[in-house]
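# Structural overview
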Amino acid sequence: MPGTRLFRILVILAAIMGADGVILAAAAAHQPDATRLASASSMLLFHATAILAVAALAERGVIDVRIGIAAAFGFVVAAALFAGDLTLRQYAGHILFPMAAPVGGTLLIVSWLALAVAAAWPRRG
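Below, the structure is looked at part by part. The residue count restarts for each chain, going from 1 along the sequence in the order it is written. In view of the model being predicted, local features appear only for residues whose pLDDT reaches at least 70, and side-chain atom pairs are presented and counted only at 80 or more, with totals across whole chains, interfaces and linings using the full set of residues. To get the side-chain values, take all heavy atoms of the structure and skip hydrogens and water.

### So, the overall build of the protein chain
Heads up, the rule is: By the criteria applied, helices consist of DSSP H or I runs no shorter than four residues and strands consist of E runs no shorter than two, each listed in order from the N terminus. Exposure is judged per residue with a 1.4 Å probe applied to protein chains only, and the accessible area is read against the type maximum: over 50% gives exposed, under 20% gives buried, and values in between give partly exposed. Contacts between residues were defined by any pair of non-hydrogen atoms, one from each residue, lying within 4.5 Å. Accessible areas in this description were obtained via Shrake-Rupley with a 1.4 Å probe; residue shielding takes into account the shown protein chains only. Only four residue types enter the tally: Lys and Arg on the positive side, Asp and Glu on the negative side, with His and both chain ends excluded. Note that the charge is assigned to NZ on lysines, CZ on arginines, CG on aspartates and CD on glutamates.
Within the protein chain, the regular secondary structure consists of 4 helices and 0 strands. Starting at the N terminus, the α and β elements of the protein chain follow one another as α-α-α-α. The principal-axis extent of the C-alpha atoms belonging to the protein chain is close to 55 × 25 × 20 Å. Residues classed as buried in the protein chain amount to 38% of the 125 residues present. Of the contacts made within the protein chain by residues no fewer than 6 positions apart, 71% connect residues no fewer than 24 positions apart. Element-wise, carbon and sulfur atoms account for 71% of the exposed surface of the protein chain, whose accessible area totals about 7,000 Å². Taking the average location of the 8 positive side-chain charges in the protein chain and that of its 5 negative ones, the two points are 11 Å from each other.

Structure representation (structure tokens):
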């Protein structure tokens, strides 16, 4: 199946994101005024699950593989930008780079729309 190696990479990245999301949720529960960490945790956990779903749908031919993989990698990069910026703000007191969280959020929206296109795109052959 085309993309099998990419599916494995996506599963590994989703697992790391899931673990990081749980770590941030625990930190948010035990630190005062850690709402940023709770938001970062949610973004990582929700999108880790979405990545696993995209890999499964693409592998089964339900969505266009190329567009689906692009959307999944978009989730990885975007959630990392969003969560990384919020986590740095919490712990280091500075941002990742100007507009990192909004760029991550926008890329998440684009990735979700790409997933919709992947589902609507006609399958080849």
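### Considerations on helix 1 (residues 4–30)
To be explicit about the condition: The span expected for a helix works out to 1.5 Å for each residue beyond the first.
In a regular helix each residue adds 1.5 Å, so 27 residues correspond to 39 Å; helix 1 covers 39 Å between its end C-alpha atoms and thus fits that length. What helix 1 keeps buried is the set Phe7, Leu10, Ala14, Met17, Gly18, Gly21, Leu24, Ala27 and Ala28. Residues of helix 1 that are buried make contact with helix 2 (35–59) and helix 3 (65–91).

### So, the side chain of aspartate 85
Relative to the helices and strands, aspartate 85 resides in helix 3. Apart from the residues lying within four places of it in its own chain, the contact partners of aspartate 85 are Ala80, Ile95, Leu96, Phe97, Ala100 and Ala101.

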